[in-house]
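# Coordinates in review
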Amino acid sequence: MDGAIEKTISFLLFIFIGVLLKKKISIGEETNGIKSLILTIALPATIFIALLKVKIDGDLILFPLLALGLNIILFAITPILLSAIGIHINSDKGRSARLLIPSLAPGLSCFPFILEFLGDGSLAKAAMGDLGNKFFVLFLLYLVALKWHYKNADFETNSLKTKLKSLLKTLLYEPVNMFILVALILVSFGITLDKIPAFLASTLTRLSYIMTPLVLLFIGIAVKFKKQQFFQLFSLLLLRAGFTLLLIAGIVFFVDITIQKDILVMIAFSLSACSFWPFAHISAVNLKEKRENSLEKTFDTNFALSILALSLPISVLLILGILTTGNTFTHINNILILGGCLFVIGLIYPIILKVKLVFSDSKNSIEKTKKKSVEFLADK
């Protein structure tokens, strides 16, 4: 059996084991504990090792800018995608989706697979790209959330400054970012993995080994589907993935990117699941509105949770499927075909809705005509 297929089957088995563990591990503190273990220990150690193993050059600085550009483009296109599936962009559901859809969570959805299939160098590039994504989801989306909340009122200047300072500390002190910063400083002085103390290198390496199994188990434990809105959200997320692949194909063509691993990194990173950070902003605004007894809600937290729950398995399956095929999707035609297929599948639901609406309107029109005809005959 092909090595990539064996690896994929192994990953799927870990996810399945996670699903079986749902009965033993409750969704809440225990699941959050696993996620914290991934984001504060396993993932930082893995990225730290990856950065120390590769040669850092000026090209890596471009990756945060590229990731930030992707976030901004997704933010701009999201209202069009929402309109296509029948969600009003200025409703509580629309605002929730507009905050979540442009965000990326590569740590949970693509970093383990980039490491396993593409190696340390590719992971280092993806980790650098995540810095731009973190700036977008932590700061820019937070400002957007506040703007929507205070759309008809003055900003609470002091409170806003305090919260922005808190977010800046979060960005600087988050373990992943701290490890990236320390690794970049060490590499800039010529200190690589083989030059740090052996006990430290061994400890970090062993910690990195647990990341992929933990992430896969977490996906299996945390994922849950709600029947309500399933098809609507499934359509939205496929449209997001389809548009992203078409965008990547355009970038590869116009920039003339020929390094196959770089193309796969771009695809995997851009297909990452929606981030948990915008949901934190949504929860904070929702809590504030509860305290103020606001009648009109800015966001729909249940809808936001549903997006998070569905985006993770969809992203993982797409990323796994693409990386398993080797270099198949390093060719622009194949990227375009897959992106087009996902886009068409995503449009099936809104087309069905449109047909039903037209049929319902036509049926109501016929019934009204018949009713008027009966009333006219009765009058006569």
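Nothing here was measured: the structure is a model prediction, and the numbers come from that model. (Residues numbered from 1 in each chain as written. Predicted model: local features only at pLDDT ≥ 70, side-chain atom pairs only at ≥ 80, totals over all residues. Heavy atoms only, no water.)

### Quick word on the side chain of Ser315
Looking at the element boundaries, Ser315 is found in helix α15 (residues 301–324). If we skip the residues at most four places from it in the chain, Ser315 touches Ser109, Arg240, Leu271, Ser272 and Ala273. (Helix = DSSP H or I, 4+ residues; strand = E, 2+ residues; numbered from the N terminus. Contact = heavy atoms within 4.5 Å.)

### Looking at the packing of helix α14 (residues 277–291) against α15
Running from amino to carboxyl end, α14 crosses α15 at an angle of 170°, the nearest separation of the two axes being 10 Å. Classified by the angle between their axes, α14 and α15 sit roughly antiparallel to one another. Our pair here, α14 against α15, has a crossing hand that is left-handed. Between α14 and α15, the residues in contact are Phe279, Ile282 and Asn286 and Thr301, Ala304, Leu305 and Leu308, respectively. (Axes fitted to C-alpha atoms, helices over the stretch in contact; angles between N-to-C directions. Parallel < 35°, antiparallel > 145°, perpendicular 65-115°, else oblique. Left-handed = near helix turned anticlockwise from the far one by under 90°.)

### Digging into α15
Between its terminal C-alpha atoms α15 stretches 35 Å, which fits the 34 Å expected from 24 residues at 1.5 Å a residue. For α15, the capping residue at the N-terminal end is Asp300, with a side-chain oxygen 3.1 Å from the backbone nitrogen of Asn302. (Expected span 1.5 Å × (residues − 1). Polar contact = N/O pair within 3.5 Å; in protein donor to acceptor, adjacent residues only side chain to side chain.)

### Some points on the pattern of salt bridges
If you walk through the whole model with that rule in mind, you get three salt bridges. Its salt-bridge partner being Lys93, residue Asp300 comes within 3.3 Å of it at the nearest N-O pair. Residue Asp300 is located in the loop between α14 and α15, and its partner Lys93 is located in helix α4 (residues 92–100); the two are separated by 207 residues in the primary sequence. Its relative accessible area of 14% is what places Asp300 among the buried residues. (Salt bridge = Lys/Arg side-chain N within 4 Å of Asp/Glu carboxyl O. Buried < 20%, exposed > 50% of the residue type's maximum accessible area, 1.4 Å probe, protein only.)

### Examining the environment of Pro64
Inspection of the secondary structure assignment puts Pro64 in helix α3 (residues 62–84). For Pro64, a relative accessible area of 15% translates into the label buried. Separated by 71 residues in the primary sequence, Pro64 and Phe135 have C-alpha atoms spaced 9.1 Å apart.

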